[in-house]
Amino acid sequence: MIMAIEGLTPKQIVEKLDLYIIGQEKAKKAVAVALRNRLRRIHLADDIRDEVAPKNILMIGPTGSGKTEIARRLAKLVNAPFIKVEATKYTEVGYVGRDVESMIRDLMAVGYNNVKAEMEEQMKEASLPKVEEKLLDLLLPGTEKKQKEGACGGSGADSGAPAGTLENPFILPVKAEDNSSSENGGGTGDSTREKFRQMLREGKLEEREVEVTVRRQPRGPSMEIIAGGSLDDLQSGMQDLQNILTGKNFKKKMVSVREARKILQEEILDSMIDADKVADIAKARVEQSGIVFIDEIDKIASKNQNSSGQVSREGVQRDILPIVEGSKVNTKWGVVDTTHILFIAAGAFSMSAPSDLIPELQGRFPLRVELESLTKNEFKRILLEPKNALTKQYTALLATEGLKIEFTDDAIERMSFLAEDVNARSENIGARRLHTIMEKVLEDASFSADEHSGETLTIDAAFVDEKLRGVVTDVDLSRYIL
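The paragraphs below set out a description of the structure included in this document. Being a predicted model, the structure only gives us computed values, none of them experimental.

**Considering the sheet that holds strand β5 (residues 291-295)**
And step 1. Across the sheet, five strands lie side by side as β2-β5-β8-β1-β9; this open sheet has parallel pairing. The sheet terminates laterally at β2 (82-86) and β9 (367-370), the two strands that pair on one side only. When the angles between neighbouring strand axes are averaged without regard to direction, this sheet yields 20°.
And step 2. Both β5 and strand β8 (residues 342-347) contribute to a ladder of four bridges, which runs parallel. From the neighbouring strand, phenylalanine 293 faces β8, where its bridge partner is isoleucine 344.
And step 3. Sitting on the sheet, helix α5 (residues 102-139) is in contact with β2, β5 and β8, with an inclination near 150° to β2.

If you want it as structure tokens, here you go:
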């Protein structure tokens, strides 16, 4: 299965988005159709599949209207490789900063990790016996099996163990009877090992500490050095390379058996998985069903053609253009063709218009969806309906202190009206205005919640007005406070 929406129709996709996003039916419908078309194209015959180009989407709407939230929820709906990037993070070729091709490298990394996780899940059951044997080796380093493994193992991490090596000597003090039993011959040693195996399965050794040798985790994408990475990436990559060359790529840790099990299982699964196969599957997924969400694209549009930053902004647009049109991008997992990757761009366009983008880039986003400003009715629904509604969040937060919060209908009505009113009188920041109002209304309750454990606080319209008195009436003040 390429995508998690295999059995979902566009209507069902919209219904799932409705659980978290209020309103914006046009945007949700356009996204649902685009996702479904990804699946439809995969099922086409080979001779026509390559001719069907993705219909990229440009979402236009004020901040707080739900553009980013739609992208975030898409990431959870779609099993295809998905990444959200901001256009403002990229610079024109020749300037210091991230180049636009890095978004495809990041997308490929997401795809690779997703496929690897799926394969690890499939092989988890098969890895359990091996993990158990390794744990027993740690618990009983003197058993015959461990001696055979250690005879050719050398000094483990200190000698610069190769990648994936788990057979390093682990020194752990064991009881005298354990050592003597393992030294008396195969039968007694086997008996002790079986006793420990039984105790391990019964969970009696979970808190016992053992010493494991683990690979040092790389602190940055070292392959980005040769693919347009930043200076930080270069430094961390060089440090990783130095650790490998000096034999310091491994380190010893004292951990509980519970933690050791996780570490060993991760390394065993890593050794069981064919990295080349994972890369091939991930590359196919990225090319055929990958999705890139480019936020803040309006910030690289220049309304005044003579502005000082115009060259750099247009340069970023020119660099993005070939990626969206379809080009080959080098990644550490191979060359990725971006021709059939779906691009969804979004921006408020408050200081510029979509027409301020270079014509070639405009043409690559044929579907335009305008998100509407939120009204009192939408604010009311946002406070009550979604699974993660703000009222539910604050009720759950204060309940941890024993303070029960109840919102009356008139309080919801009042906060919704105030959100719409303040947005109209000052900057329109959409649903984010509700966060500010809710925080201001519950500021005192949140501060002293621990002193009112077991009590019930009822939030009504009068309570809301009292907490916001003087702020809402003062237009200048509300600009800063709300």
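**Quick look at unusual backbone geometry**
And step 1. A positive phi angle is found at glutamine 24, which is not glycine, with a value near 55°.
And step 2. Positionally, glutamine 24 belongs in the loop between α1 (10-18) and α2 (25-42).
And step 3. For glutamine 24, a relative accessible area of 8% translates into the label buried.
And step 4. Despite not being glycine, glutamate 296 shows a phi value in the positive range, around 60°.
And step 5. On the basis of relative accessible area, glutamate 296 is assigned to the partly exposed category, the value being 27%.

**Regarding the layout of surface pockets**
And step 1. Roughly 580 Å³ of volume is contained in the second largest pocket.
And step 2. Taken together, 28 residues line the second largest pocket, and the ones lying closest to its centre are Gly64, Gly66, Glu69, Ala431 and His435.
And step 3. Among the secondary structure elements, those contributing two or more residues to the lining of the second largest pocket are α4 (67-77), β8, α15 (390-399) and α17 (432-441).
And step 4. At four residues, α4 tops the list of elements feeding residues into the lining of the second largest pocket.
And step 5. In terms of residue class, the lining of the second largest pocket is built from eleven nonpolar, nine polar and eight charged.

**Examining the pattern of salt bridges**
And step 1. Tallied over the entire structure, the rule returns 33 salt bridges.
And step 2. A salt bridge links aspartate 46 to arginine 49, with the shortest nitrogen-to-oxygen separation between them at 3.2 Å. Of this pair, aspartate 46 and arginine 49 both sit in helix α3 (residues 46-49), three residues apart, roughly one helical turn.
And step 3. The exposed category is assigned to aspartate 46, whose relative accessible area is 57%.
And step 4. When its relative accessible area of 22% is taken as the criterion, arginine 49 is described as partly exposed.
And step 5. A salt bridge links lysine 116 to aspartate 270, with the shortest nitrogen-to-oxygen separation between them at 3.0 Å.

**A few points about α4**
And step 1. For α4, the full list of buried residues reads Lys67, Ile70, Ala71, Arg73, Leu74 and Leu77.
And step 2. At its buried positions, α4 is contacted by α1, α2, β1 (57-60), β2, β5 and β8.

**Side note on the packing of aromatic side chains**
And step 1. Enumeration over the complete set of coordinates arrives at one aromatic pair.
And step 2. Ring geometry for tyrosine 112 and tryptophan 333: centres 4.9 Å apart, planes at 25°, overall stacked. Here the residue tyrosine 112 occupies a position in helix α5, and tryptophan 333 occupies one in the loop between β6 (328-331) and β7 (334-337), the gap between them amounting to 221 residues.
And step 3. In this structure, arginine 73 packs its charged tip against the face of tyrosine 20, placed 3.8 Å from the ring centre.

**Some thoughts on the side chain of arginine 38**
And step 1. Mapped onto the secondary structure, arginine 38 falls in helix α2.
And step 2. Glutamate 287 provides the closest opposite charge to the buried, salt-bridge-free arginine 38, at an N-O distance of 10 Å.
And step 3. Engagement of the side chain of arginine 38 in a polar contact is seen with the backbone oxygen of glutamine 288, the distance being 3.1 Å.

**Some points on the packing of helix α14 (residues 376-384) against helix α16 (residues 409-425)**
And step 1. Packing of α14 against α16 brings their axes to within 8 Å, and their N-to-C directions diverge by 130°. As the angle between them shows, α14 and α16 are arranged oblique. Considering the relative orientation of α14 and α16, their crossing is right-handed. The segment α14 lies against α16, with Lys376, Phe379, Lys380, Leu383 and Leu384 engaging Ile412, Glu413, Met415, Ser416, Phe417, Ala419, Glu420 and Asn423.

**Topic: the environment of isoleucine 83**
And step 1. In this fold, isoleucine 83 is placed in strand β2.
And step 2. Owing to a relative accessible area of 11%, isoleucine 83 belongs among the buried residues under this scheme.
And step 3. In this structure, the C-alpha to C-alpha distance between isoleucine 83 and phenylalanine 293, residues 210 residues apart in sequence, is 6.2 Å.
And step 4. For isoleucine 83, the residues in contact, after removing those within four places along its chain, are Met103, Asp106, Leu107, Ile291, Val292 and Phe293.

**Let's talk about the environment of valine 278**
And step 1. Among the structural elements, valine 278 can be located in helix α11 (residues 275-289).
And step 2. By relative accessible area, valine 278 is classed as buried at 0%.
And step 3. In this structure, the C-alpha to C-alpha distance between valine 278 and asparagine 113, residues 165 residues apart in sequence, is 8.7 Å.
And step 4. Beyond its immediate chain neighbours, meaning those up to four positions away, valine 278 contacts Tyr112, Val115, Lys116, Met119 and Ile273.

Analysis parameters
- Residues numbered from 1 in each chain as written.
- Predicted model: local features only at pLDDT ≥ 70, side-chain atom pairs only at ≥ 80, totals over all residues.
- Heavy atoms only, no water.
- Pairing = 2+ DSSP bridges.
- Helix = DSSP H or I, 4+ residues; strand = E, 2+ residues; numbered from the N terminus.
- Axes fitted to C-alpha atoms, helices over the stretch in contact; angles between N-to-C directions.
- Contact = heavy atoms within 4.5 Å.
- Buried < 20%, exposed > 50% of the residue type's maximum accessible area, 1.4 Å probe, protein only.
- 1 Å grid on protein atoms, 1.4 Å probe; cavity = no way out; pocket = protein on both sides within 12 Å on 5 of 7 lines; lining within 4 Å.
- Points joined across faces, edges and corners; volume = space filled by probe spheres on them.
- Nonpolar A, V, L, I, M, F, W, Y, C, P; charged D, E, K, R; others polar.
- Salt bridge = Lys/Arg side-chain N within 4 Å of Asp/Glu carboxyl O.
- Phe/Tyr/Trp six-rings, centres within 6.5 Å; stacked < 30°, edge-to-face > 60°.
- Lys NZ or Arg CZ within 6 Å of the ring centre and 35° of its normal.
- Lys, Arg positive; Asp, Glu negative; His and termini not counted.
- Polar contact = N/O pair within 3.5 Å; in protein donor to acceptor, adjacent residues only side chain to side chain.
- Parallel < 35°, antiparallel > 145°, perpendicular 65-115°, else oblique.
- Left-handed = near helix turned anticlockwise from the far one by under 90°.

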